[in-house]
Amino acid sequence: MKMTGSQAVMQSLIEEGAEYIFGYPGGAIMPVYDAMMQYLEKIKHILTRHEQGAIHAAQGYARVTGDVGVCIATSGPGATNLITGIADAMIDSTPLVCITGQVGSPLLGTDAFQETDVVGISMPVTKWNYLVTKAEEIPSVIAQAFYIARTGRPGPVLIDITKDAQFGEIDFKYEKCTRIRSYVPKPEIDEEQIADAAKLINEAKKPYILFGQGIVLGNAEDEFKAFVEKSGIPAAWTILGVTALDSNHPQNVGMLGMHGNYSTNILSNECDLIIAVGMRFDDRVTGDLSRYAKQAKVVHLEIDSAEINKIVKADVPVLGDVKETLPLLTNLINTKDHSEWMARFKELDKIEEEKVIKPEMFPTKEGMTMAEVIRILNEKTKDDAIFVTDVGQHQMFASRYCKRHSKRSFVTSGGLGTMGFGLPAAFGAKMGAPDKEVILIVGDGGLQMTIQEFGTIMQSEAAVKIVLLNNKYLGMVRQWQQLFFDKRYSHTYMVNPDFIQVANGFGIEGKKVVDRPDLEGAVEEMLNHNGAYLLEVSIEKEDNVFPMVPTGASVAEVILEAANK
């Protein structure tokens, strides 16, 4: 088939099964947008209001579907506006193909209008990137891009295409990429490592499983559940690993990290063996590394060899895809009863229940809390919705209290902590899961970073439900200022707009709740509404998220309340 480079871009995306493109047109990518008109029956385009919105939407789509998200932008500022999302996707291992337009190849390096070296800029935050200067390169480069993005440890790739390459004519032929010389997406399994790991697990008296998003990315939830149940070992999750094991599973002991559960943090320093599965020992999980789990041996199951010994030394590394390594390990471990060790978690859970959870979820004080809003959301959705969060206090409350029973039902920005992620990620998630209720939990700070994407919701008619927890502060920063800076609330108070009126201007219905008796009915009204909806809830200013491991502290030094309340 004879076609232009621009047509080849579109046809290649269709060959890879792309369902949606999230993007924003401009001069250097205009030929692709022109060609797009011929393919709208096979692939849909969502016009966002900002390129950062496009890439976060592609992330939301990828996270709920497990497929590669696609976004597109023009050169210069269009391309650089993608960088935050690319960095977010890189650290959270989200598979994306980002396509940017570039000035014509004769103009490269001349500082032409809207010319930016996006390949150079994006190199540290992409799994792979490539500058296309000839039309005939387009099919093979796109094939490689999808292969690299989705295989091994997933991640974002970027293809920068010069304008003359978009206009050029080629004989189109598409072959999907199945291998690239020198690229090994997953390491070979070493059976000796499996045997050594099983020996440590069988000998351990107080073993502890820490699991992360690697299980979700490897579609290994069933294999992980079988391993957990045969082992009898308590298992705690990182913020991105939350959906890998049902929240109600009897061996699921809760969340790790700075705002994780009391027991999960304390007992990291009491276990005699850590089995880390698809997680990377982020600093928010370990606290002070010099005092982290020094008493424990470590087994680390990981697909990316770069993560082994990077932060915590592994006594036994188990390299490979967890979908393959977990069953092999499960076959070699003994069925054991760790009920006495599990009882230690339950003992500490009772302390957290009385000091933190009950007061947060069933408050007696006048002001409403984030935890009680999330409790009601759980009750009213019967735990069947997809929850998306922005970044801040509300994110931690949602992570702690949103009960998850289905795969890929919780979407948040983990490693980069990108405020503004939530709103575009929520409508991207809705595109990927149109039959599911998608509920965004967001703060007043994060919402205003990408509030223009209300326009995308209006135009795409995405029925996203938005729960705005409004405390009129940059809440997480304010909490730190309260606890560690003597309540000097420097530039964290926000004078906000009338959010309901703003939403109404974009055709989105909404309601504001300021009194507790009105909350439950308002949540029901939102869920029953046919279409997008904004529910704003006024939250008490000093509603802090606990437990908390202060920066520089050991995980065993987790605090349950503010000393200077």
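Before reading further, recall that the structure is shown in the block above.
**A short note on helix 1 (residues 5-15)**
Every α-helix winds through 3.6 residues per turn, so residues three or four apart in the chain are directed the same way.
In step 1: For helix 1, a buried count of 10 out of 11 residues is recorded, marking the element as mostly surrounded by other parts of the structure.
In step 2: Every buried residue belonging to helix 1 is among Gly5, Ser6, Gln7, Ala8, Val9, Met10, Gln11, Ser12, Leu13 and Ile14, and all of these are buried.
In step 3: Where helix 1 ends, the next residue or the one after it, Gly17, has phi of about 80 degrees, a positive value.

**A short note on the side chain of Gln479**
In step 1: With respect to the helices, strands and loops of the structure, Gln479 is situated in helix 21 (residues 475-484).
In step 2: Among the residues examined, Gln479 registers a relative accessible area of 0% and is labelled buried.
In step 3: At 2.9 Å, the side chain of Gln479 and the backbone nitrogen of Val545 are in polar contact.
In step 4: When residues no more than four places from it in sequence are discounted, the contact partners of Gln479 are His259, Gln393, Asn544, Val545, Phe546 and Met548.

**Digging into the pairing of strand 12 (residues 273-277)**
In step 1: Judged by how many residues are buried, strand 12 sits mostly within the fold: five of five residues are covered.
In step 2: Where burial is concerned, the two faces of strand 12 agree: the one with Leu273, Ile275 and Val277 and the one with Ile274 and Ala276 are both buried.
In step 3: As paired elements, strand 9 (residues 207-211) and strand 12 share five bridges and run parallel to each other. By the bridge assignment, Tyr208 is partnered in strand 12 with Ile274.
In step 4: Inspection of the sheet shows strand 12 paired to strand 13 (residues 297-302) by five bridges, in the parallel sense. Each bridged residue has a counterpart across the sheet, and for Leu273 the counterpart in strand 13 is Lys297.

**Section: empty space enclosed by the protein**
In step 1: On inspection of all chains with the given rule, the structure shows two cavities of 30 Å³ or more.
In step 2: Empty space within the largest cavity amounts to approximately 110 Å³.
In step 3: Lining the largest cavity, in full, are Arg63, Gln213, Val216, Ile239, Leu240, Val242, Thr243, Arg408, Phe410 and Val411.
In step 4: Partitioning the lining of the largest cavity into residue classes produces six nonpolar, two polar and two charged.
In step 5: Around the second largest cavity sit Ile201, Asn202, Ser231, Ile233, Ile333, Asn334, Lys336 and His338, which together line it.
In step 6: Per-class residue counts for the lining of the second largest cavity are three nonpolar, four polar and one charged.

**A short note on the environment of Ala562**
In step 1: Relative to the helices and strands, Ala562 resides in the segment after strand 20 (533-538).
In step 2: Residue Ala562 is classed as buried on the basis of its relative accessible area of 7%.
In step 3: Residues contacting Ala562, with those up to four places away along its chain left out, are Gln482, Leu483 and Phe546.

**Here's the deal with the layout of surface pockets**
One water molecule sets the probe size; rolling that probe over the atoms shows where empty space is left.
In step 1: Here the second largest pocket defines a volume of roughly 580 Å³.
In step 2: As for the second largest pocket, its lining consists of 27 residues, and the residues nearest its centre are Ser247, Asn252, Val253, Gly254 and Lys403.
In step 3: Those elements that place two or more of their residues in the lining of the second largest pocket are strand 11 (252-255), helix 15 (339-361), helix 16 (370-381) and helix 17 (393-401).

**So, the nonpolar core**
In step 1: Counting 104 residues, the largest nonpolar core has Ile209, Phe211, Phe224, Ile274, Ile275 and Val277 as the members making the most contacts within it.
In step 2: Per element, the largest residue contribution to this core is seven residues, and it comes from helix 15.
In step 3: The contact partners of Phe224, leaving out residues within four places of it in the chain, are Ile209, Phe211, Ile215, Ala244, Leu245, Val277 and Leu326.
In step 4: If you look at the next biggest cluster of nonpolar residues, it comprises 51 residues, including Ile83, Cys98, Ala425 and Leu468.

**What to know about the state of the cysteines**
In step 1: Taken as a whole, this structure holds zero disulfides when the rule is applied.
In step 2: This cysteine, Cys98, is not joined by any disulfide, and Cys71 carries the nearest cysteine sulfur, 3.6 Å off.

**Overview of the pattern of salt bridges**
In step 1: Considering all chains together, one arrives at 28 salt bridges under this definition.
In step 2: With its nearest N and O atoms 3.0 Å apart, the salt bridge here joins Glu270 to Arg344. On the criterion of sequence distance, the pair formed by Glu270 in the loop between helix 12 (262-266) and strand 12 and Arg344 in helix 15 is long-range, its members being 74 residues apart.
In step 3: Given the relative accessible area of 23%, Arg344 is considered partly exposed.
In step 4: Through salt bridges with shared partners, a single ionic network connects Arg153, Asp304, Glu307 and Lys310.

**A closer look at unusual backbone geometry**
In step 1: The peptide bond linking Phe546 to Pro547 adopts the cis configuration, its omega dihedral lying at 0 degrees.
In step 2: Residue placement: Pro547 occurs in the segment after strand 20.

**A few points about the packing of helix 16 against helix 17**
In step 1: Contact geometry for helix 16 and helix 17: axes closest at 9 Å, N-to-C directions at 45 degrees. Of the possible angle classes, the one that applies to helix 16 and helix 17 is oblique. As for the relative orientation of helix 16 and helix 17, their crossing is right-handed in sense. For the pair helix 16 and helix 17, the contacting residues are Met370, Ala371, Ile374 and Asn378 in the first and Gln393, His394, Phe397, Ala398 and Tyr401 in the second.
In step 2: In the contact of helix 16 with helix 17, the residues fall into six nonpolar, three polar and no charged.

**A word on a negative patch on the surface**
In step 1: Taken together, Asp190, Glu191, Glu192 and Asp196 make up a surface patch of like negative charges.
In step 2: Looking at the element boundaries, Glu191 is found in helix 9 (residues 191-203).
In step 3: Classification of Glu191 by relative accessible area gives exposed; the value is 62%.

**Here's the deal with the sheet that holds strand 18 (residues 465-470)**
In step 1: Pairing in this open sheet of six strands is parallel, and the strands run 16-15-17-18-20-19 from one edge to the other. Of all the strands in the sheet, just strand 16 (410-411) and strand 19 (509-513) have a single pairing partner and so form its edges.
In step 2: Pairing of strand 15 (residues 386-389) with strand 16, which is carried by two bridges, proceeds in the parallel orientation. Bridging from a neighbouring strand, Phe387 pairs with Phe410 of strand 16.
In step 3: Its contacts with the sheet place helix 18 (residues 422-432) against strand 15, strand 17 (438-443) and strand 18, and it is angled at close to 175 degrees to strand 17.

**Describing the sheet that holds strand 6 (residues 128-132)**
In step 1: In space, the six strands of this open sheet follow the order 3-2-4-5-7-6, with parallel pairing throughout. The open sheet has two edge strands, strand 3 (44-47) and strand 6, and neither has a second partner. Across this sheet, the average inter-strand angle for adjacent strands is 20 degrees, counted without regard to direction.
In step 2: Inspection of the sheet shows strand 5 (residues 96-102) paired to strand 7 (residues 156-162) by seven bridges, in the parallel sense. When the sheet's bridge partners are listed, Gln102 is paired in strand 7 with Thr162.
In step 3: Running at roughly 170 degrees to strand 4 (residues 69-73), helix 3 (residues 51-65) makes contact with strand 2 (20-23), strand 4 and strand 5 of the sheet.

Reading the values: rules and limits
- Residues numbered from 1 in each chain as written.
- Predicted model: local features only at pLDDT ≥ 70, side-chain atom pairs only at ≥ 80, totals over all residues.
- Heavy atoms only, no water.
- Buried < 20%, exposed > 50% of the residue type's maximum accessible area, 1.4 Å probe, protein only.
- Helix = DSSP H or I, 4+ residues; strand = E, 2+ residues; numbered from the N terminus.
- Polar contact = N/O pair within 3.5 Å; in protein donor to acceptor, adjacent residues only side chain to side chain.
- Contact = heavy atoms within 4.5 Å.
- Pairing = 2+ DSSP bridges.
- 1 Å grid on protein atoms, 1.4 Å probe; cavity = no way out; pocket = protein on both sides within 12 Å on 5 of 7 lines; lining within 4 Å.
- Points joined across faces, edges and corners; volume = space filled by probe spheres on them.
- Nonpolar A, V, L, I, M, F, W, Y, C, P; charged D, E, K, R; others polar.
- Core = buried A, V, L, I, M, F, W, Y, C linked by side-chain atoms within 4.5 Å.
- Disulfide = S-S within 2.5 Å.
- Salt bridge = Lys/Arg side-chain N within 4 Å of Asp/Glu carboxyl O.
- Axes fitted to C-alpha atoms, helices over the stretch in contact; angles between N-to-C directions.
- Parallel < 35°, antiparallel > 145°, perpendicular 65-115°, else oblique.
- Left-handed = near helix turned anticlockwise from the far one by under 90°.
- Patch = residues over 30% accessible without salt bridge, like charges linked within 9 Å, V, L, I, M, F, W, Y side chains within 5 Å.
- Areas by Shrake-Rupley, 256 points an atom, 1.4 Å probe, with all protein chains shown as cover.
- Lys, Arg positive; Asp, Glu negative; His and termini not counted.
- Charge placed at Lys NZ, Arg CZ, Asp CG, Glu CD.

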